[in-house]
Amino acid sequence: MTQTLQTEDNVQSPSLPTFDDVRGAAKRIEGLAVKTPLLESPALNEHVNGRVLLKAETLQRTGSFKFRGAYNKISQIPEADRPGGVVAYSSGNHAQGVAAAAALLGLPAVIVMPSDAPAIKVENTRGYGAEVVFYDRFTEAREVIGSAIAKERGATLVPPYDDPRVIAGQGTCGLEIVEQTKEKGLALDALLVCCGGGGLTAGCALALEALSPQSRLYTVEPAGYDDTKLSLDAGHPVPHPKAPQSICDALLSPQPGDLTFEVNRSRVSAGLAVTDKEVKAAMRYAFRTLKLVVEPGGAVCLAAILAGKVDAAGRVIALTLSGGNVDAELYRTVLAEKD
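Residues numbered from 1 in each chain as written. Predicted model: local features only at pLDDT ≥ 70, side-chain atom pairs only at ≥ 80, totals over all residues. Heavy atoms only, no water.

Ranked by internal contacts, the top residues of the largest apolar core, which has 38 residues, are L192, V279 and V300. The residues contacting V279, other than those within four sequence positions of it, are I247, C248, V274, P296, A299, V300 and A303. In this structure, V22, I167, A205 and A207 belong to the second largest nonpolar core, which totals 28 residues. (Core = buried A, V, L, I, M, F, W, Y, C linked by side-chain atoms within 4.5 Å. Buried < 20%, exposed > 50% of the residue type's maximum accessible area, 1.4 Å probe, protein only. Contact = heavy atoms within 4.5 Å.)

Most of helix α3 (residues 66–74) is tucked away: 9 of the 9 residues are buried. Among the residues of α3, K66, F67, R68, G69, A70, Y71, N72, K73 and I74 are the ones counted as buried. The inward-facing, buried residues of α3 abut α1 (19–29), β4 (51–56), β5 (86–89), α4 (93–105), β8 (156–157) and α7 (164–183). (Helix = DSSP H or I, 4+ residues; strand = E, 2+ residues; numbered from the N terminus.)

Segments scoring low in pLDDT should not have their predicted coordinates read at a detailed level. Looking at the protein, the pLDDT average stands at 94 and 96% of residues meet or exceed 70. Here residues 6–12 is modelled with pLDDT under 50, and outside its nearest four sequence neighbours on either side it reaches 6 contacts, counting other chains as well. (pLDDT = per-residue confidence, 0-100.)

Here the focus is the environment of E295. Mapped onto the fold, E295 is located in the loop between α11 (276–290) and α12 (300–306). Overall, E295 belongs to the buried group, its relative accessible area being 1%. Sequence separation between E295 and C248 is 47 residues; the distance between their C-alpha atoms is 7.9 Å. Residues within four places of E295 in sequence aside, it is in contact with N93, K121, A250, M283, G323, G324, N325 and V326. Polar side-chain contacts of E295 include one of 3.0 Å to the backbone nitrogen of N325. (Polar contact = N/O pair within 3.5 Å; in protein donor to acceptor, adjacent residues only side chain to side chain.)

Here we take up the layout of surface pockets. Its boundaries defined by the atoms lining it, the largest pocket holds a volume of some 810 Å³. Contributing to the lining of the largest pocket are 45 residues, with R137, L251, L252, S253 and P254 lying nearest its centre. Elements with a minimum of two residues in the lining of the largest pocket: α4, α6 (142–153) and α8 (199–211). In terms of residues, the lining of the largest pocket owes the most to one element, α8, which gives 3 residues. (1 Å grid on protein atoms, 1.4 Å probe; cavity = no way out; pocket = protein on both sides within 12 Å on 5 of 7 lines; lining within 4 Å. Points joined across faces, edges and corners; volume = space filled by probe spheres on them.)

Here we come to the sheet that holds strand β7 (residues 131–135). Taking strand neighbours across the sheet as the criterion, the 4 strands line up as β7-β6-β5-β8 in an open arrangement whose pairing is parallel. Looking along the sheet, the strands with just one partner apiece sit at the ends: β7 and β8. Bridge count between β5 and β8: 2 bridges; the pairing is parallel. Among the inter-strand pairings, V87 is bridged to a residue of β8, identified as L157. (Pairing = 2+ DSSP bridges.)

Right, let's talk about the pattern of salt bridges for a bit. Taken as a whole and assessed by the stated rule, the structure comprises 21 salt bridges. Where E57 meets R68, a salt bridge forms, and the shortest distance between an N and an O atom there is 2.8 Å. Residue E57 is found in the loop between β4 and α3, and its partner R68 is found in helix α3; the two are separated by 11 residues along the sequence. Given the relative accessible area of 0%, E57 is considered buried. Under the relative-accessibility criterion, R68 is labelled buried at 0%. Here E329 and R332 are joined by a salt bridge, their closest N and O atoms 2.7 Å apart. Of this pair, E329 and R332 both sit in helix α13 (residues 328–336), separated by 3 residues, roughly a single helical turn. (Salt bridge = Lys/Arg side-chain N within 4 Å of Asp/Glu carboxyl O.)

Rendered as structure tokens:
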């Protein structure tokens, strides 16, 4: 059951999701989303002297966790509103999730993507049948473009993170992590979540609060783009300062969403940040040792563990490998670099 959020001006905002919404989303996506494995690597466990559980959302439908929230949202659009289709804005993973979910449900989709989005994400989005509209992320506002298209076409806007149904869908990832950890006979000490706008974090936070309240929750963001950490410290959503471009294209949201921050503010233990150098080292480690292909934004939590941002010694720590959609040329370049 959702909870209504009141702003400082006493204006009613979209409702906050609850754990019941996460449970409902799990039933809705069952048989469509992949229940991705929670993997362990003896080599990684030995390296950190603890137990590290890897939630491989790289193996999810469309190659990232985003399908979960997209399908949960789109499947609840009333029949009368479906002919107009859906509109979304995304750097790539949400785009693919929305395009695939819309195709399954028989709805047309328009995706607003930055002109510098990775080619593989653009190609995959079009491959699911969506129309792609490009914009300049440095001079244009994707929200304005997306809203205008939605109004013109009578389409439903599917936000990338700041939506209760999207958050609830992403929370199914956290629900699975807790259940799979218990199936291993383990108690989860902490969960690290890749964080852009905070939707995956918020959904996981609801699951942890309900099922594993003793577990600590950490966000991991690219250095210079750690707006969730800055916002948690400030007590309200704030944008990150201007920063050099990061390799982590999936995690470059300017600031947390109002809904995601409201969910996360009392449930996240701390925010962490990793450099591009640390992310690249994690991608190489995932390839060479874990035998997994992980995109930059999907590797930030692994980077935090490998760089010692969280002490894993003697503890059970789960982390999200949130996506594996990386351009072949970029991946080749990263793998060729020396640690």
